[in-house]
Amino acid sequence: MLLFVLHLVLPLCYISIMTINAKTSSRIFKTAWFAKAVKKARITDEELCGALRQVMQGQADDLGGGVFKKRLNDNRHRSIIIAKGGQYWIYTYLFAKKDRGNIDSDELTEFKKLAALYSRQTEVTINAQLKNGDLVEICHAQQA
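First things first, this report covers the structure right here in the doc. Quick caveat, the model's predicted, so the values are computed rather than measured.

## Quick word on the environment of K112
Turning to its location among the elements, K112 is positioned in helix α4 (residues 105–119). Overall, K112 belongs to the partly exposed group, its relative accessible area being 35%. In this structure, the C-alpha to C-alpha distance between K112 and V67, residues 45 residues apart in sequence, is 6.4 Å.

Dropping the structure here:
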């Protein structure tokens, strides 16, 4: 169950982040776990950037509390994306449509808590995660 897994994985910061500043400059990142999942699903960085562009245009399922579901890979996969305060967009989870239809209510509650946690992150914290290798930058707003 993802609820249990999130508590184990969260300290490892297996999350992708997109930061937006007042100039609408976006930075998009992926983490080790998410990078492995999308590599296995054969989803490219370019596709992830394009998907985030669509989310910013309102083309995603809003699950409430800053949690969105976006279809990827010709509708074969789903990603759960967290957005909070217009400051961060966070790829948090990838699953195949054939394996499950959606996340359950307990998982959604945990994603909402994670959105609240990331809404309090600072640029210093994000830069530290970049320096530690927890985050890898994949594109900027001009590409997104």
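## Observations regarding the pattern of salt bridges
Under the criterion given, the structure shown has three salt bridges. E107 is the partner of R100 in a salt bridge, and the nearest nitrogen-oxygen pair spans 2.7 Å. Here E107 falls in the buried class, since its relative accessible area comes to 2%. As a salt-bridge pair, K113 and E110 come within 3.4 Å of each other at their nearest N and O atoms. Pair noted here: K113 and E110 are both in helix α4, with a separation of three residues, about one helical turn. The exposure class of E110 is buried, given its relative accessible area of 12%.

## Points about the layout of surface pockets
Roughly 260 Å³ of volume is contained in the largest pocket. Sorting the residues of the lining of the largest pocket by element identifies α2 (32–40) and β6 (88–96) as the ones contributing at least two each. Of the residues forming the lining of the largest pocket, the biggest block, three residues, is contributed by β6. Taken together, the residues that form the lining of the largest pocket break down as five nonpolar, one polar and five charged.

## A look at the nonpolar core
With 20 residues, the main nonpolar core has I43, L48, L72, I81, W89, Y91 and L94 as its most contacted residues. Listing elements by their share of this core, those giving two or more residues are α2, α3 (45–56), β4 (67–72), β5 (77–84), β6 and β7 (136–140). If one sorts the elements of this core by residue count, α3 sits on top with five residues. In terms of nonpolar packing, the next biggest core, distinct from the first, is built from 16 residues, V67, I80, Y93 and I103 among them.

## Describing the environment of K70
By secondary structure assignment, the location of K70 is in strand β4. For K70, a relative accessible area of 8% corresponds to the buried category. Residues K70 and I80, spaced ten residues apart in sequence, show a C-alpha to C-alpha distance of 6.5 Å. Every residue in contact with K70, bar those within four places of it in the chain, is listed here: A51, Q54, V55, Q59, A60, H77, R78, S79 and I81. A polar contact is formed between the side chain of K70 and the backbone oxygen of Q59, at a distance of 2.9 Å.

Conventions and cut-offs
- Residues numbered from 1 in each chain as written.
- Predicted model: local features only at pLDDT ≥ 70, side-chain atom pairs only at ≥ 80, totals over all residues.
- Heavy atoms only, no water.
- Helix = DSSP H or I, 4+ residues; strand = E, 2+ residues; numbered from the N terminus.
- Buried < 20%, exposed > 50% of the residue type's maximum accessible area, 1.4 Å probe, protein only.
- Salt bridge = Lys/Arg side-chain N within 4 Å of Asp/Glu carboxyl O.
- 1 Å grid on protein atoms, 1.4 Å probe; cavity = no way out; pocket = protein on both sides within 12 Å on 5 of 7 lines; lining within 4 Å.
- Points joined across faces, edges and corners; volume = space filled by probe spheres on them.
- Nonpolar A, V, L, I, M, F, W, Y, C, P; charged D, E, K, R; others polar.
- Core = buried A, V, L, I, M, F, W, Y, C linked by side-chain atoms within 4.5 Å.
- Contact = heavy atoms within 4.5 Å.
- Polar contact = N/O pair within 3.5 Å; in protein donor to acceptor, adjacent residues only side chain to side chain.

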